[in-house]
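Architecture and fold: a report
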Amino acid sequence: MTERPTERVDTTRLQHMARAFTETAVLWAALDLSLFTHVAGGADTTEAVAAACGIRRLNADRLVTCALALDLLRKDTEGRLVNSPESERFLVEGTPSYAGAWMRFTRPDAPGWMQLTELLRRPEEPRRLGMYGDLTVEAARAYHEATYSVGMGAGRRFCRQVDLSGRRMLLDLGGGSGAYSINAVQSFPGLRATVLDLPAVVVVTREFCTQHGVADLVDTIGGDFTADPFPSCDAVVMASNLPIYDEVNIALVVRKAFDALDPGGEMHLVGEMLDDDGRGPVDAAMWGMQEILYNSGGKAHTRGQVRGYFTAAGFVDVTEHDFIPGVLVRTTGRKPV
Ligand SMILES: C[S@@+](CC[C@H](N)C(=O)[O-])C[C@H]1O[C@@H](n2cnc3c(N)ncnc32)[C@H](O)[C@@H]1O
């Protein structure tokens, strides 16, 4: 009889998981109180933090202690408080790389997550468009203030990874703020782009394009990419939409993109994807779960499933790249000539 190796276990990891929400709460409170902005501005002791944030010294002590433990703050060689490199780069208000809006993006969902058991028991049929079915321009503006704060970095990264020189028209499916299209038309002379997003969203897309001086190079179409026709193009990008839809709808959209592309054209789908063994990353699994809050049909997809949507549509040379390692994967394919 073979002996099964025994895995030594304790409760440490489970305890951390049971209290992980406390880290989220500290991050949001620190952002609300502009902790990192005050530290960048010279509040380098607990007393100075208390004064700058307008909170009691005891509470400043608690906040600073947690921020140090979470490596959001550090101490320099003289014991003065400083921001960690991440906080300095992304959490100081008024800087171009400030990403506070994105860090708070899922905050309105927190009460819903605390009702997860009830939501999992919900018997109703999911709605195809989930939260997007009744989006107003105001809601779209707030939503894309957040996506823009990280999307521009992603758009720049896309243009470093993907050479679109010689292409004429990039179709940006669910392009939101237009972050990918804005970067693409600025990076590749002669390229135009069309953002196809919901009618309320493209109002906001146009605002961002105007702000970046590319309104004449980026067109918008207000529509539903699962239902409305696509314009002719020779490149397609679909970024950060994957867990919003189920297998049938993603396969449908990839197929429609294939049909809209010129022969020789290329498609790139950037999204959170599960590894093929389905064992993570956690983030990809959680974005799929997030959709339960909106009662959409969305779910997490594996890398293999996404490759399957491409090959079933007719794409060749289907390959995968770690777009942001551990976070986003880019699957790409070419329409045969
Ligand atoms: C997370 S945002 C990503 C925006 C942008 N691609 C980026 O990466 O910055 C998802 C976008 O998909 C759009 N979207 C979702 N369902 C859609 C549909 N059926 N038709 C068109 N756009 C859709 C949303 O309105 C939203 O702008």
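Here, every reference points to the structure presented above.
Every residue gets a number counted from 1 within its own chain, in the order that chain's sequence is written. For a predicted model such as this one, the threshold for reporting local features is a pLDDT of at least 70, and the threshold for listing and counting side-chain atom pairs is 80 or more; totals across whole chains, interfaces and linings nevertheless cover every residue. Here the side-chain values reflect all heavy atoms present in the structure, with hydrogen atoms and water set aside.

**Remarks on the overall build of the protein**
By definition, any uninterrupted DSSP run of H or I lasting at least four residues is a helix, any uninterrupted run of E lasting at least two residues is a strand, and each is numbered from the N terminus. A count of helices and strands for the protein gives 15 helices and 9 strands. For the radius of gyration, the atoms used are the C-alpha atoms, and the globule rule reads 2.2 Å times the number of residues raised to 0.38. Here the protein has a C-alpha radius of gyration of 22 Å; the compact-globule value for 337 residues is 20 Å, and the two agree. Over its C-alpha atoms, taken along the principal directions, the protein stretches across nearly 70 × 65 × 40 Å. A total of 337 residues make up the protein; the buried ones form 45% of that total. In this description, contact between two residues means that some pair of their heavy atoms is separated by no more than 4.5 Å. Long-range pairs, those at least 24 residues apart, make up 68% of the contacts in the protein between residues at least 6 apart in sequence. When the accessible surface of the protein is totalled, it reaches about 17,300 Å², and 55% of it is carbon and sulfur. Counting rule for charge: Lys and Arg are taken as positive, Asp and Glu as negative, and neither His nor the chain ends is counted. Charged groups are reduced to one reference atom each: NZ for lysine, CZ for arginine, CG for aspartic acid, CD for glutamic acid. With 34 positive and 44 negative side-chain charges, the protein shows a spacing of 2 Å between the two charge centroids. A 1.4 Å probe rolled over the protein chains alone gives each residue an accessible area, and that area as a share of the maximum for its type sets the label: buried under 20%, exposed over 50%, partly exposed in between. Surface exposure here means Shrake-Rupley accessible area, sampled with a 1.4 Å probe, where a residue is shielded only by the protein chains that are shown.

**Remarks on the site of the ligand**
We define proximity as follows: a residue is near a molecule or strand when any one of its heavy atoms falls within 4 Å of that partner. Close to the ligand lie 18 residues; D197, D224, F225, N241 and Y245 are nearest. Here a nitrogen atom of the ligand sits 2.9 Å away from a polar atom, N or O, in the main chain of G174. In the analysis that follows, any N or O atom pair within 3.5 Å is treated as a polar contact, provided that within protein one partner can donate a hydrogen and the other can accept it, and provided that, for residues neighboring in sequence, both atoms belong to side chains. The separation between a nitrogen atom of the ligand and a polar side-chain atom of D224 is 2.8 Å. Under the scheme applied here, ten amino acids are nonpolar (Ala, Val, Leu, Ile, Met, Phe, Trp, Tyr, Cys and Pro), four are charged (Asp, Glu, Lys and Arg), and all others, including Gly, are polar. Considered class by class, the residues forming the shell around the ligand number 9 nonpolar, 7 polar and 2 charged.

**A short note on the pattern of salt bridges**
When a carboxyl oxygen of Asp or Glu is within 4 Å of a side-chain nitrogen of Lys or Arg, the pair counts as a salt bridge. With the rule as written, the count across this model stands at 21 salt bridges. Between E78 and R80 there is a salt bridge, with the nearest N and O atoms lying 3.0 Å from each other. Taking relative accessible area as the criterion, R80 reaches 37% and is therefore assigned partly exposed. With a closest N to O distance of 3.3 Å, R192 and D219 form a salt bridge. In this pair, R192 is assigned in strand 4 (residues 192-197) and D219 in strand 5 (residues 218-222), connecting sequence segments 27 residues apart. Take D219: its relative accessible area is 33%, and that puts it in the partly exposed class. One continuous salt-bridge network, built from bridges that share partners, spans D275, D276, R303, R307, E320 and D322.

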